Amino acid sequence: MPDPRAVPADAPATPAGPETSVAGTSLSRWRRIGPVVALWLLAPWAAECAWGGFTVDDYPLVVAFLGPLYGSAALLIRETARRTGGGWPAIVLLGAAFGMIQAGLVDQSLFNDAFLDDTEFADAAAAARATMVPGLGFSAQNALGYLGGHVVLSICVPIVIVESFVRPSRRAEPWLGRFGLLVAGLLYLLGSLLVFSDDGGRKGFLASPLQLSFAALTALVLIGAALLPRWRRGRRPGEPAEPTAGRAPHPIWAGVVVSGARLAVDLVPNWIGVTIAVAASTFAAVLIVRWSRRTGWGQRHVLAAWGAGLVVAAAGAYLAPSYAAASPAQALVADLTVSLLTLALLGGAFWRLRAERPGSSAPLPGSGSAG
């Protein structure tokens with residue numbers, strides 16, 4: 001006698017039950033918001049902690065207090081670049097604009113000659129005064145350090161790490177809707193206002209009208225350059241590289257080039273050092289753009305290039321003091337924690353990309369690199 005509980009082989013599939021549906025919905029929701037949360041949390045840590053600026057005990061406070069500023073900025077910049085099709089050129093330019101707004105208008109550290117005098121970086125700040133720009137009252141060396149640090153650590157490093165963990169198809173897609181963009185924008189404005197008004201943020205300093213105008217105009221020029229249509233003209237997915245371009249080198253070479261440029265920024269605290277830093281950064285940028293147009297350039301190359309900036313910062317943490325004096329034990333724990341987190345983040349990202357075919361990521365508009 002047939003078992004009444006048996007299900008015929010040709011019977012239609014039974015719809016998923018409530019538990020399966022709820023689990024699937026939760027997983028789908030996490031896949032949507034997970035990268036957003038990860039980027040929001042990673043940006044303030046990479047910006048202020050990855051180079052040894054704070055001890056481990058300060059990490060939660062840094063993320064909570066600076067998350068609205070750094071995390072929201074990274075999200076807004078990524079969304080703008082992905083929605084306009086500007087890719088990494090737009091992200092870099094918008095990151096530089098964010099750095100100018102942050103250092104020139106929000107905390108005004110770019111123009112405040114005494115900004116670091118009450119920290120462990122007082123001696124370095126004094127040395128940077130050898131490169132003061134006449135009339136505008138800021139150190140060219142500090143400007144390179146501030147803007148370069150914001151572009152690499154505050155914006156590009158967290159974006160490339162989080163994008164490396166998602167599916168290739170999602171790397172060029174927006175992650176926020178209108179409501180998410182509104183929330184991120186409001187949080188960024190709130191975070192900027194908190195830093196501007198906090199005693200430890202702007203430190204009671206107010207830049208001159210000329211200095212504020214210079215910072216605002218520079219930021220507007222960078223934003224305008226980021227939105228240029230030219231970044232949206234480039235090699236599309238699956239389109240062959242330029243006939244004479246050749247093949248992209250191993251990703252490690254992208255990391256080596258960027259590492260050299262990052263190390264050159266603080267090589268010598270005078271105008272010779274500034275010249276070397278500008279030349280090294282320009283050389284690295286030109287070389288990376290040329291390589292990105294070659295066959296085989298992919299997300300691993302992009303991760304190696306920007307990840308090198310994080311590696312340099314993590315290595316420098318053993319030499320750099322924190323803002324506030326810390327015991328040798330606290331400093332060592334913080335430096336080791338930075339090293340472990342850097343290895344975990346980059347190692348996990350490269351492991352996630354291990355099965356991807358080189359060049360499978362959507363190329364970067366305007367340069368052909370993985371976007």
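Quantities reported herein were computed from a predicted structural model and do not represent experimental measurements.

**Examining the overall build of the protein**
Then, in step 1: Across its full length, the protein carries twelve helices and two strands.
Then, in step 2: Scanning the protein from its N terminus toward the C terminus, one meets helices and strands in the order α-α-α-α-β-β-α-α-α-α-α-α-α-α.
Then, in step 3: A total of 371 residues make up the protein; the buried ones form 47% of that total.
Then, in step 4: Considering only residue pairs separated by 6 or more positions, the protein has 82% of its internal contacts joining residues 24 or more positions apart.

**Here we look at the nonpolar core**
Then, in step 1: Of all hydrophobic cores here, the largest spans 74 residues; its most connected members are W45, W88, I91, I161, W306 and L310.
Then, in step 2: Apart from the residues lying within four places of it in its own chain, the contact partners of W45 are A50, Y59, L310, V338, L341, T342 and L345.

**Remarks on the side chain of S292**
Then, in step 1: Among the structural elements, S292 can be located in helix 10 (residues 271-292).
Then, in step 2: For S292, a relative accessible area of 2% corresponds to the buried category.
Then, in step 3: Of the polar contacts made by the side chain of S292, one reaches the backbone oxygen of V289; its length is 2.6 Å.

**Concerning the confidence of the model for the protein**
Then, in step 1: A residue-level look at the protein finds 84% of positions with pLDDT of 70 or above and a mean pLDDT of 84.
Then, in step 2: Note that pLDDT drops below 50 for residues 1-23; the model gives that stretch zero contacts with residues more than four away or on any other chain.
Then, in step 3: Low pLDDT, under 50, characterises residues 360-371; the stretch is placed with 53 contacts to residues that sit more than four places away or in other chains.

**A word on the packing of aromatic side chains**
Then, in step 1: As enumerated under the stated definition, the model contains five aromatic pairs in all.
Then, in step 2: Between W88 and W306 the ring centres are 5.8 Å apart and the planes differ by 35°, which places this aromatic pair in the tilted class. Residue W88 is located in helix 3 (residues 87-106), and its partner W306 is located in helix 11 (residues 299-316); the two are separated by 218 residues in the primary sequence. Comparing W88 with W306, the two get one shared label, buried.
Then, in step 3: Arranged with centres 6.0 Å apart and planes meeting at 80°, the rings of F111 and F138 form a pair that is edge-to-face. Taken as a pair, F111 in the loop between helix 3 and helix 4 (122-128) and F138 in strand 2 (residues 138-139) lie far apart in primary sequence, 27 residues in all. Judged on exposure class, the residue F111 and its partner F138 are both buried.
Then, in step 4: Put simply, the rings of Y70, F98 and Y188 pair up and form one aromatic cluster.

**Quick notes on helix 5 (residues 140-165)**
Then, in step 1: Spanning 26 residues, helix 5 covers 36 Å between terminal C-alpha atoms, matching the ideal 38 Å at 1.5 Å per step.
Then, in step 2: Along its length, helix 5 reaches its greatest deviation from straightness, about 40°, at C156, and the proline P158 lies no more than four positions downstream.
Then, in step 3: In terms of residue burial, helix 5 counts as a mostly covered element, since 20 of its 26 residues are buried.
Then, in step 4: Its side-chain oxygen at 3.3 Å from the backbone nitrogen of Q141, S139 defines the N-terminal cap of helix 5.

What counts and what doesn't
- Residues numbered from 1 in each chain as written.
- Predicted model: local features only at pLDDT ≥ 70, side-chain atom pairs only at ≥ 80, totals over all residues.
- Heavy atoms only, no water.
- Helix = DSSP H or I, 4+ residues; strand = E, 2+ residues; numbered from the N terminus.
- Buried < 20%, exposed > 50% of the residue type's maximum accessible area, 1.4 Å probe, protein only.
- Contact = heavy atoms within 4.5 Å.
- Core = buried A, V, L, I, M, F, W, Y, C linked by side-chain atoms within 4.5 Å.
- Polar contact = N/O pair within 3.5 Å; in protein donor to acceptor, adjacent residues only side chain to side chain.
- pLDDT = per-residue confidence, 0-100.
- Phe/Tyr/Trp six-rings, centres within 6.5 Å; stacked < 30°, edge-to-face > 60°.
- Expected span 1.5 Å × (residues − 1).
- Bend = angle between axes of the 7 residues up to and from the residue.

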